[in-house]
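Each chain is listed here by its residues.
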Amino acid sequence: RQLKLHGSEMSYLVILEYCVKMTCYFTMAHFNGGIVHVNLRAHGPVRACYTVRYLEWSIAVPTLLTINNYPLSGKQPFYIFAQRLFPNLFVTWAYILASWVAEVTPDPVVGWALVILSFVAYLAAIWDQVDVVLEADRGMSGLQFKILVVVLKEIVFFLYGLVYLLGIANIMSSAAEQMFYTYGDVMLKVVQASVL
């Protein structure tokens, strides 16, 4: 019944997310990383900043948030839930943009301020995720699995943030960082599909 209620909206969102990911991964694979800048916040040797990855995240992550959170909305129409979720989607988009600009801006003060801002905005997005979970109808079918998907997504996103910082500190190689992001994207979709 829940699938019938949310089926078409969820299908369109999943298709959008996959199309964005496929386009961006194709671009990165076949065009030497796509648009590549120097990561000016990185400590140590010259490190690449893959702009196409940030472009992908700026569309795919808010879409994924919607996919993960809409099942928690119960019987709300999509447009009502979208209004509820929009501030979180905007903050998510903003922290992704801030983390990219932090790497490519030549001014170190602005760059580091944007790194801090991106993590503060990420914490605000997590706080709202907690609110979305708390607002869910406790009698909803499969609630524990729907909450588990949100929790697993946040764990992976936390690890993305940690890897981002390890990359800037040059503790993790650029290749390992990019590999983690790529496999993290795939793993998150597999886990999400198996839980749901």
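You'll find the structure just up there.
Just so you know, these numbers come straight off a predicted model, no measurement behind them.

Criteria and thresholds
Residues numbered from 1 in each chain as written. Predicted model: local features only at pLDDT ≥ 70, side-chain atom pairs only at ≥ 80, totals over all residues. Heavy atoms only, no water. Helix = DSSP H or I, 4+ residues; strand = E, 2+ residues; numbered from the N terminus. Rg over C-alpha atoms; globule rule 2.2 N^0.38 Å. Buried < 20%, exposed > 50% of the residue type's maximum accessible area, 1.4 Å probe, protein only. Contact = heavy atoms within 4.5 Å. Patch = residues over 30% accessible without salt bridge, like charges linked within 9 Å, V, L, I, M, F, W, Y side chains within 5 Å. Areas by Shrake-Rupley, 256 points an atom, 1.4 Å probe, with all protein chains shown as cover. Salt bridge = Lys/Arg side-chain N within 4 Å of Asp/Glu carboxyl O. Phe/Tyr/Trp six-rings, centres within 6.5 Å; stacked < 30°, edge-to-face > 60°. 1 Å grid on protein atoms, 1.4 Å probe; cavity = no way out; pocket = protein on both sides within 12 Å on 5 of 7 lines; lining within 4 Å. Points joined across faces, edges and corners; volume = space filled by probe spheres on them. Nonpolar A, V, L, I, M, F, W, Y, C, P; charged D, E, K, R; others polar. Expected span 1.5 Å × (residues − 1). Polar contact = N/O pair within 3.5 Å; in protein donor to acceptor, adjacent residues only side chain to side chain. Axes fitted to C-alpha atoms, helices over the stretch in contact; angles between N-to-C directions. Parallel < 35°, antiparallel > 145°, perpendicular 65-115°, else oblique. Left-handed = near helix turned anticlockwise from the far one by under 90°.

Student: Would you explain the overall build of the protein in this entry?
Tutor: Check the secondary structure of the protein and you find 6 helices and 2 strands. Scanning the protein from its N terminus toward the C terminus, one meets helices and strands in the order α-β-β-α-α-α-α-α. The C-alpha radius of gyration of the protein comes to 17 Å, within 12% of the 16 Å expected for a compact globule of 196 residues. With respect to the three principal axes, the spread of C-alpha positions in the protein is 55 × 35 × 25 Å. Taking all 196 residues of the protein together, the buried fraction comes to 44%. Across the protein, the fraction of contacts at a sequence separation of at least 24, relative to all contacts at a separation of at least 6, is 75%.

Student: Would you take a moment to explain a nonpolar patch on the surface for this structure?
Tutor: Side chains of Val-151, Ile-155, Phe-158, Leu-159 and Leu-162 sit close together on the surface and give an oily, nonpolar patch of about 420 Å² of accessible area. Inspection of the secondary structure puts Phe-158 in helix α5 (residues 143-168).

Student: Is there a simple way to explain the side chain of Thr-63 in this structure?
Tutor: With respect to the secondary-structure elements, Thr-63 resides in helix α2 (residues 51-69). Among all residues touching Thr-63, those that are not within four sequence positions of it are Leu-13, Leu-16 and Glu-17.

Student: Sorry, what's going on with the packing of aromatic side chains here?
Tutor: Aromatic rings in a pair are described by how distant their centres are and how their planes are angled relative to each other. Counted by the stated rule, this structure contains 14 aromatic pairs. For the ring pair Phe-26 and Phe-31, a centre distance of 6.4 Å and an interplane angle of 70° mean the geometry is edge-to-face. By relative accessible area, Phe-31 is classed as exposed at 51%. Every member of this aromatic cluster is reached through a ring pair, and the members are Tyr-54, Trp-57, Phe-157, Tyr-160, Phe-180 and Tyr-181.

Student: Would you mind showing me how to read empty space enclosed by the protein here?
Tutor: Left-over empty space is what a probe sized like a water molecule reveals as it rolls over the atoms. Tallied over the full model, the rule gives 4 cavities of 30 Å³ or more. As for the largest cavity, its lining consists of 14 residues, and the residues nearest its centre are Tyr-95, Ser-99, Phe-157, Tyr-160 and Gly-161. Counting only elements with at least two residues in the lining of the largest cavity, the list comes to α2, α3 (78-104), α4 (108-135) and α5. Per element, the largest residue contribution to the lining of the largest cavity is 4 residues, and it comes from α5. Classifying every residue of the lining of the largest cavity by side-chain character gives 11 nonpolar, 3 polar and no charged. Counted as a void, the second largest cavity has a volume near 70 Å³.

Student: Would you take a moment to explain α4 for this structure?
Tutor: Since one α-helical turn is 3.6 residues long, residues separated by three or four positions face the same way. Between its first and last C-alpha atoms α4 spans 41 Å; for 28 residues at 1.5 Å apiece the expected length is 40 Å, and the two agree. What α4 keeps buried is the set Gly-111, Leu-114, Val-115, Ser-118, Ala-121, Tyr-122, Ala-125, Asp-128, Gln-129, Val-132 and Val-133. Looking at the buried residues of α4, the elements they touch are α2, α3 and α5. For α4, the capping residue at the N-terminal end is Asp-107, with a side-chain oxygen 2.9 Å from the backbone nitrogen of Val-109.

Student: Help me out: how do you make sense of the side chain of Lys-21 in this one?
Tutor: Here Lys-21 is to be found in helix α1 (residues 2-30). What Lys-21 contacts, discounting residues up to four positions off in sequence, is Glu-56, Ala-60 and Asp-185.

Student: I keep staring at the packing of α3 against α4 and nothing clicks. Help me out?
Tutor: Two measures define how a pair of helices packs: the angle their axes make with one another and the distance between the axes. Close contact between α3 and α4 brings their axes to 8 Å; oriented N to C, the two are set at 160°. Taken together, α3 and α4 sit at an angle that is classed as roughly antiparallel. Crossing angle aside, the handedness with which α3 passes α4 is left-handed. Residue classes in the contact of α3 with α4 are distributed as 14 nonpolar, 6 polar and 4 charged.

These figures come from the coordinates and say nothing about function on their own.
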